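Listed below, chain by chain, are the residues.
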Amino acid sequence: MDPPLNLRPRPPNSRGPQTIADFIRRVNAEPGGFRALNEEEVRRNVIAERNGIHEDVEMVTDQEADDDSKKPDIIAARHNIVMNLGQAIQMSSNFLDFISLLLSKEIPTQAAVSISPWLRSQVPIGSIGATQLDAPTPLTQSRVADNKLITIGKRLVALNEAADTALAAANRLRQEINSETKYWQEVLTVSQKGWSTARLPQEPHDMAVKFGFSNAAPMFKNNSVAPLKRAEDGSVRLEYGRMGSRSERLQVTLLHNGEVIGRSPLPRPLPDHAPLDDRVKEARNTIFAQELWHEINREGRTLHGHHVRLEQSAVTCALDPNRTISFELVGLEDQDPSGAPLPGDLDAETASITLHLLLSNAHRQNQLKRSERTAPNAVRGPPPPYNLLLPVITYYRHEKTLEDCTTFLAAFCAALRSAGIQSSFSMTESINKGSPTAPPSEALMNTLLHPSEVQFDLTITPASRLRILAKPSPVFGTRFSIYLLHPQSNHLTSSFPPNQTDSVYENIKELVRYLSNAVPRALTMYYYPLVQEMRNSGNKGNSGEIPSPPATNTTTWIIHPDDLGLVDDDTETFGVRFAFVSNHTRGDAGGGGVDDAAATEPELRITGDFMEDGKRVHNEWKWTALGAGAGQTGGSLDDIVKHILANGPSSSSVLSA
């Protein structure tokens, strides 16, 4: 028999430390912790405890007293425990009776021992059992055939469902095979055409294609890899990432006085069903255009001295007071397909192609730099901007300067030829071929980065010939150098030589000013020998007979102090004076001292003071590229000069007067 349950009250908790951990926690809670402990004081407390002397009096606070008052009553707790135990005993007795009654069907002798007397009096033994439902009955026997049919039907339905599931799986597998075949066929086609394909490091189950350039800037190099995702129909979906799916190109626009005169053409946008190879090419062209636009903006910030301005969506540059070139990154879908061709489209397209070639050359230079050995302690900073805009600006300004120079020289020689002077010029361009072993691409880059010099051989008079060299410079523009041909016999050697210390003329205006001042000196030295020839050979000049003067002319002709003509030695008021003016020398006294404010084209002007019929005559003659002036008489320049020199102030008509 089990011992009786003895419920005893819980002993009160001791206020002292129960374990070492509790002791350490209490010491750490004291001010100062273990550092504040004193060995002598601890030893004294231990001795006092052994002797029964308690120095510290533990005080019970009001809060602790309230906590003790809240503790449940011991008797109430015992009553609850007893009640719970009674319920547990009752439930276990009921469970025992149920199990014993259930087993009484099978083993009645053993089960009857554990059944309670009350249950035995209420329910007969063996009244319930676990095998009662398995016993066959007439109702269940009549349903056996139906159950077999139902079972067969269920199996047939399950087999049909399994067959349908297998057919659906086969269809899905066939579609998957077709999709995979189509996907890998397109990937293989791209790979066979030279594009680099590989698996993505972060997603090994996906393929990617590299369409950018290995020598591009890091930000564009990292954006030049696109995953090749498979669409539902098996086609390849090219994901562009941070580059964006918009196709873009750099468009060059030429403007004249604010009016568009030329645009570089743009390709048509690709259709949605374009082949994968074409889409990869389009992505490559787009990333190249974006890098080109980025580098143009970088370089544009350093070219303010060349009139380059960065606007909100374009970079503009003033090539001259009238012409402006603009660069803009545009989308292919934004172009106007109905735009009519413009006269400057070819020049704009040339500028666009040149920029693309220059960026490709910059990529090649990056590759060469990487292959070179660098010092271990070399400091590597951000790469400087590429020279893209500056060569284009230099080339266009050089071409414009050569065009202006050629136009001026043509009008210059035409004006002299209309006066009877055999003047001409020829132009020769020296091509910078570079090294003979260099590939054609390097030779082309050398031509783009270093425009060739142009040589002009100009003949003012047979004895005044000079050579003009036009040298392009990215910093100073096109500069001109002038050299005299055959300087020993050249009339300009003594009368008006080029700059002795520096024969460089900074722009075409300075060149025109020199030529305009050289013409009067050259003509003066050209006609000065005529004075002696007329005196020695009976007034027979350079080109045939001249009209005989009314009497022997004894005038002494000398060169004007400014070398601008021939004047008499006595008064220096009679004679012939030469001047040459153009639109570049308006108001310039160096052009011969003649008022040239009205001149717009190169113009040769002759002023003559001579005696005719006993009277002093003052006359002017003008020649331009279109010929002599309106209503002008007197013939060619030779005839006029001979007539003036033959009728000086010392003729017999003056003496008789």
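See above for the structure.
Rules behind the numbers
Residues numbered from 1 in each chain as written. Predicted model: local features only at pLDDT ≥ 70, side-chain atom pairs only at ≥ 80, totals over all residues. Heavy atoms only, no water. Pairing = 2+ DSSP bridges. Helix = DSSP H or I, 4+ residues; strand = E, 2+ residues; numbered from the N terminus. Contact = heavy atoms within 4.5 Å. Axes fitted to C-alpha atoms, helices over the stretch in contact; angles between N-to-C directions. 1 Å grid on protein atoms, 1.4 Å probe; cavity = no way out; pocket = protein on both sides within 12 Å on 5 of 7 lines; lining within 4 Å. Points joined across faces, edges and corners; volume = space filled by probe spheres on them. Nonpolar A, V, L, I, M, F, W, Y, C, P; charged D, E, K, R; others polar. Parallel < 35°, antiparallel > 145°, perpendicular 65-115°, else oblique. Left-handed = near helix turned anticlockwise from the far one by under 90°.

Engineer: How should the sheet that holds strand E21 (residues 615-624) be read in this particular structure?
Structural biologist: Each strand in a sheet pairs with its neighbour through backbone hydrogen bonds, running either in the same direction (parallel) or in the opposite one (antiparallel). Across the sheet, 6 strands lie side by side as E17-E18-E19-E20-E21-E22; this open sheet has antiparallel pairing. Whereas interior strands pair on both sides, the edge strands pair on one side only; in this sheet they are strand E17 (557-559) and strand E22 (627-628). Relative to strand E20 (residues 603-612), strand E19 (residues 575-581) runs antiparallel, the two being bridged by 7 bridges. Paired with phenylalanine 578 across the bridge in E20 is isoleucine 606. Packed on one face of the sheet, helix H12 (residues 389-418) meets E19, E20, E21 and E22 and runs near 140° to E21.

Engineer: Would you mind going over empty space enclosed by the protein with me for this structure?
Structural biologist: In this approach a probe as big as a water molecule rolls over the atoms, and the regions it shows empty are the leftover space. Taken as a whole and assessed by the stated rule, the structure comprises 1 cavity of 30 Å³ or more. The calculated volume of the largest cavity comes to roughly 40 Å³. Lining the largest cavity, in full, are Gly212, Phe213, Ala216, Phe220, Lys221, Ser224, Ile287, Phe288 and Glu291. Residue assignment for the lining of the largest cavity shows that the elements contributing at least two residues are helix H9 (218-222) and helix H10 (276-300). A total of 3 residues in the lining of the largest cavity trace back to one element, the largest contributor, which is H10. Residues that form the lining of the largest cavity fall into these classes: 5 nonpolar, 2 polar and 2 charged.

Engineer: Teacher, can you tell me more about the packing of helix H8 (residues 144-192) against H10 here?
Structural biologist: The description of two helices packed together rests on the angle between their axes and the distance between the axes. Packing of H8 against H10 leaves a shortest axis separation of 9 Å and a crossing angle of 55°. In terms of their interaxial angle, H8 and H10 are classed as oblique. Like other packed secondary-structure pairs, H8 and H10 cross with a definite hand, here right-handed. Where H8 abuts H10, its residues Glu186, Val187 and Val190 lie against Leu276, Asp277 and Arg279. When the residues that make up the contact of H8 with H10 are grouped by side-chain class, the tally is 3 nonpolar, no polar and 3 charged.

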